[in-house]
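Observations on the three-dimensional arrangement
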Amino acid sequence: SVHRHASAMIPDAAGVKLGVDLVINSLVGGVRGRLLQAHRPAPSEMYAGAPVDADAPNLIVVIGESVSANRTGLYGYRRQTTPRLAALRERRREDWVQFERAVSNASATKVALPVMLTGLFPSREPVEQHTYPLLWHYAGAAGYQTALISSQSYTWNNLEGFFVDASLSHVFTLERSDSEIVNSEGIDDREMLREGLRTIDRFAEDGPFVVALQFNCTHYPGYSPSDYKIWAESDEDPGARFDNSIVFMDHLLGELFDHLEERGLAANTSVLFAADHGEDLENVHYTHRTDSYYQTTIAVPFFAVVPERHRAALGRSFEKLRQNTEVRVALSDLVPTAIDLLGLSDDKRVGEWLVRLDGRSLLRPV
């Protein structure tokens, strides 16, 4: 249990951390979260239409962990930490939409991730945050197969009690794997991606899907296998370990896109990528990341890859998406944007929820 639920990186604090996690988060937070979770709306209260067709658009939402925009080659970093994504951007220019001024609404995962998947600001009342639909609730109500595939621990800060319920077709987290912790409280992302690709292939046989994939390798201090250590890690270059972890994530994202093309799924699958928050390795403002709202911490990579088939169906809305690339956008915009990409926003029930969110679809004027 100590190995599983306490960070091996601070062994002397493992006992205290285990006690805090299990007693406070699991017992108090877990009970409260489950009780509130029971008040989330029924599918008929979220979607009023007929189930989507078998050829409805697929969507993959990729969640990067602690990835700063200013450390990625895509956003002009001096090191090319994202060569495979850069090559994909070049190859699929018409499909690629990159938001240059995206920010996270929070600098800690336990706050940013709920924002990302509900569309609500962190300032909302906890009861609202626990009872509003998550992205996969809308999709599941419309007949999509849904999955959450994560490398991270979901007992940490009671993420399980907030995010996981019977609406998900499939769930995979650290606790549901047989893998060891390799970085902070997460498993090797290669295991996560293998599970994700297996799930996508299985779903594709039965109909449309919405899948969330969550990385962990870029969580501080960063993890990458020896094959992906491009820059020598040393005390003189403290950022090298983090940069190498982004290279590792970039390689796995390349494998994801290659797999979609090999399986014939790329033409009907849009991909949204966003990081939950950034990281300030240099501590340039002398404040810890979780207390910082400087650009070094909250500026995040946020991009969409939308195939031609989906662009044609979106019509002029897709042009609005492109027009918003230089606008200040935030993670709270992800859910409304995803709902628009899926074509569900015109449904009466879905529309009633969307107007109550703080985020706005980036396929519309911002």
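Preceding this paragraph is the structure being described.
These lines cover the structure that appears in this document, whether it is placed above or below. (Residues numbered from 1 in each chain as written. Predicted model: local features only at pLDDT ≥ 70, side-chain atom pairs only at ≥ 80, totals over all residues. Heavy atoms only, no water.)

**Here we look at the overall build of the chain**
Check the secondary structure of the chain and you find 15 helices and 9 strands. Against the compact-globule benchmark of 21 Å for 366 residues, the chain has a radius of gyration of 19 Å, which places it among compact chains. Along the three orthogonal principal directions, the C-alpha set of the chain runs to about 55 × 50 × 40 Å. Per-residue burial over the chain gives 61% buried out of 366 residues. Taking contacts inside the chain between residues at least 6 apart in sequence as the whole, the part at least 24 apart equals 75%. Of the roughly 15,100 Å² of accessible surface on the chain, a fraction of 52% belongs to carbon and sulfur atoms. Across the chain, the centroid of the 36 positively charged side chains sits 4 Å from that of the 50 negatively charged ones. (Helix = DSSP H or I, 4+ residues; strand = E, 2+ residues; numbered from the N terminus. Rg over C-alpha atoms; globule rule 2.2 N^0.38 Å. Buried < 20%, exposed > 50% of the residue type's maximum accessible area, 1.4 Å probe, protein only. Contact = heavy atoms within 4.5 Å. Areas by Shrake-Rupley, 256 points an atom, 1.4 Å probe, with all protein chains shown as cover. Lys, Arg positive; Asp, Glu negative; His and termini not counted. Charge placed at Lys NZ, Arg CZ, Asp CG, Glu CD.)

**Considering the sheet that holds strand β5 (residues 170–172)**
One open sheet accounts for 7 strands, arranged β2-β8-β7-β1-β6-β4-β5; its pairing is mixed. Whereas interior strands pair on both sides, the edge strands pair on one side only; in this sheet they are β2 (96–98) and β5. Across the sheet, the axes of successive neighbouring strands diverge by a mean angle of 10 degrees, strand direction being ignored. Here 6 bridges tie strand β4 (residues 145–150) to strand β6 (residues 209–214), and the two strands are oriented parallel to one another. Across the sheet, residue Gln145 finds its bridge partner in β6, namely Phe209. (Pairing = 2+ DSSP bridges. Axes fitted to C-alpha atoms, helices over the stretch in contact; angles between N-to-C directions.)

**Details of the pairing of strand β8 (residues 302–305)**
Side chains of β8 alternate between two faces, with Phe302 and Ala304 and Phe303 and Val305 buried alike. Alignment of β2 against β8, held across 3 bridges, turns out to be antiparallel. Considered in β8, the bridge of Trp96 is made with Val305. Examined bridge by bridge, strand β7 (residues 269–275) and β8 share 4 bridges and lie antiparallel to one another. Within β8, the residue paired with Ala274 across the bridge is Phe302.

**Some words on helix α4 (residues 83–91)**
Those residues of α4 that fall on the buried side of the exposure criterion are Leu85, Ala86 and Leu88. Summarising the axial view, the buried residues of α4 lie within an arc of 160 degrees, below the 170-degree limit, and thus occupy one face. Among the structural elements, β2, α10 (240–262) and β8 are those in contact with the buried residues of α4. (Arc of directions from axis to C-beta.)

**Some remarks on the nonpolar core**
Across soluble globular proteins, nonpolar side chains show a tendency to be buried alongside one another. Residues Ile60, Leu117, Phe163, Leu256, Leu272 and Phe302 are the most contacted members of the largest nonpolar core, which totals 103 residues. Considering every element that reaches this core, the biggest residue donor is α10, with 9 residues. Residues contacting Leu117, with those up to four places away along its chain left out, are Ile63, Pro133, Leu134, Leu135, Trp136, Phe163 and Val335. (Core = buried A, V, L, I, M, F, W, Y, C linked by side-chain atoms within 4.5 Å.)

**Here we look at empty space enclosed by the protein**
Overall, the coordinates contain 1 cavity of 30 Å³ or more when judged by the stated rule. In this structure, the largest cavity spans a volume of roughly 30 Å³. Lining the largest cavity are Val67, Thr72, Leu74, Thr82, Leu85, Ile246, Met249, Phe273, Pro301 and Phe303. Here the residues of the lining of the largest cavity are counted per class, giving 8 nonpolar, 2 polar and no charged. (1 Å grid on protein atoms, 1.4 Å probe; cavity = no way out; pocket = protein on both sides within 12 Å on 5 of 7 lines; lining within 4 Å. Points joined across faces, edges and corners; volume = space filled by probe spheres on them. Nonpolar A, V, L, I, M, F, W, Y, C, P; charged D, E, K, R; others polar.)

**A closer look at helix α5 (residues 109–118)**
The buried fraction of α5 amounts to 8 of the 10 residues, a majority that puts the element mostly inside the structure. Considered for burial, the residues of α5 that qualify are Thr109, Ala112, Leu113, Pro114, Val115, Met116, Leu117 and Thr118. Of the residues one or two after α5, Gly119 is the one with positive phi, at around 85 degrees.

**What about the environment of Lys229?**
Position of Lys229 among the secondary structure elements: in the loop between β6 and α10. For Lys229, a relative accessible area of 38% gives the class partly exposed. Those residues in contact with Lys229, other than ones at most four positions away along the chain, are Ser224 and Asn244. At a separation of 3.3 Å, a polar atom in the side chain of Lys229 contacts the side chain of Glu233. (Polar contact = N/O pair within 3.5 Å; in protein donor to acceptor, adjacent residues only side chain to side chain.)

**Section: the packing of helix α9 (residues 189–204) against α10**
Their axes nearest at 11 Å, the elements α9 and α10 cross at an angle of 15 degrees. Classed by the angle they form, the pair α9 and α10 counts as roughly parallel. The handedness of the crossing between α9 and α10 comes out as right-handed. Along the contact surface, α9 presents Asp189, Arg190, Leu193, Leu197, Ile200 and Asp201, while α10 presents Phe248, Leu252, Glu255, Leu256, His259 and Leu260. (Parallel < 35°, antiparallel > 145°, perpendicular 65-115°, else oblique. Left-handed = near helix turned anticlockwise from the far one by under 90°.)

**With respect to the environment of His170**
Secondary-structure assignment places His170 in strand β5. Separated by 174 residues in the primary sequence, His170 and Leu344 have C-alpha atoms spaced 22 Å apart.

**Remarks on unusual backbone geometry**
Excluding glycine, residues mostly carry a negative phi; peptide bonds, for their part, are mostly trans. Cis rather than trans, the peptide bond between Tyr220 and Pro221 has omega equal to 5 degrees. Non-glycine residue Asn157 carries a positive phi angle of around 50 degrees. Looking at the secondary structure, you find Asn157 in the loop between β4 and α8 (159–163). For Asn157, a relative accessible area of 23% gives the class partly exposed. Even without being a glycine, Asn158 presents a positive backbone phi close to 60 degrees. Mapped onto the elements of the fold, Asn158 is located in the loop between β4 and α8. Asn158 gets classed as buried once you look at its relative accessible area, which sits at 14%.

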